[in-house]
Amino acid sequence: MKRLLTILMFISVLTTSAWAGFKNNKTGWDGMSVSEKLGYVMGFFDEHTSLSTWDSQAVMDLKLHRQNCLIDMNMNSQGLVDLVDTMYRNDVGIWKHPPFVALIQGLHEMCGEP
């Protein structure tokens, strides 16, 4: 019985994580709760700014530039959610794209190039 309960809990966690991870457009973004949106942007930020040994110098420069830009602006996770919302509100052409596209475009407009 304990083993069955463990398996069911594991399956529940996997399906919840998978559901929360993929949002294909503005409609998917709008359907997320506040906590899901905060988790989404923080996960994106961690992935988008973490340096890897295989990053080229140009990629490392871009990651550090965006990281420093957000630090200089005292940006927090709610600010990143607001940035996605603003990008979707200001450009209906990106509604068909996932929220990370809106976030990348917003970071580019806000922080510029390194």
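Residues numbered from 1 in each chain as written. Predicted model: local features only at pLDDT ≥ 70, side-chain atom pairs only at ≥ 80, totals over all residues. Heavy atoms only, no water.

**Student:** Could you give an account of the environment of E47, naming the residues involved and the relevant values?
**Tutor:** Among the secondary structure elements, E47 is positioned in helix α3 (residues 34–49). What makes E47 exposed here is its relative accessible area of 62%. With 16 residues separating them along the chain, E47 and K63 place their C-alpha atoms 9.8 Å apart. (Helix = DSSP H or I, 4+ residues; strand = E, 2+ residues; numbered from the N terminus. Buried < 20%, exposed > 50% of the residue type's maximum accessible area, 1.4 Å probe, protein only.)

**Student:** Lay out the packing of aromatic side chains with the relevant residues and their values.
**Tutor:** Per the counting criterion, the structure on display carries one aromatic pair. The ring centre of W95 lies 4.7 Å from the NZ or CZ of K26, which sits over that ring. (Phe/Tyr/Trp six-rings, centres within 6.5 Å; stacked < 30°, edge-to-face > 60°. Lys NZ or Arg CZ within 6 Å of the ring centre and 35° of its normal.)

**Student:** Tell me about the nonpolar core, residues and numbers included.
**Tutor:** Formed by 17 residues in total, the largest nonpolar core has its most connected members in W29, V41, L80, V84, L103 and L107. For this core, the secondary-structure elements that each account for two or more residues are α3, α5 (77–90) and α6 (99–111). Considering every element that reaches this core, the biggest residue donor is α5, with six residues. Ignoring anything within four residues of it in the chain, the contact list for V41 reads W29, S77, L80, V81, V84 and L103. (Core = buried A, V, L, I, M, F, W, Y, C linked by side-chain atoms within 4.5 Å. Contact = heavy atoms within 4.5 Å.)

**Student:** Hey, could you go over the pattern of salt bridges for me, with residue numbers and the actual values?
**Tutor:** In total, this model carries two salt bridges according to the counting rule given. Where D30 meets K26, a salt bridge forms, and the shortest distance between an N and an O atom there is 2.5 Å. On the criterion of helical spacing, the pair formed by D30 and K26 is a turn pair, its members being four residues apart in helix α2 (residues 26–30). Residue class for D30 comes out partly exposed when judged on its relative accessible area of 42%. What makes K26 buried here is its relative accessible area of 18%. A salt bridge links K63 to D55; its shortest N-O distance comes to 2.9 Å. On the basis of relative accessibility, which here comes to 12%, the residue K63 falls in the buried class. By relative accessible area, D55 is classed as buried at 12%. (Salt bridge = Lys/Arg side-chain N within 4 Å of Asp/Glu carboxyl O.)

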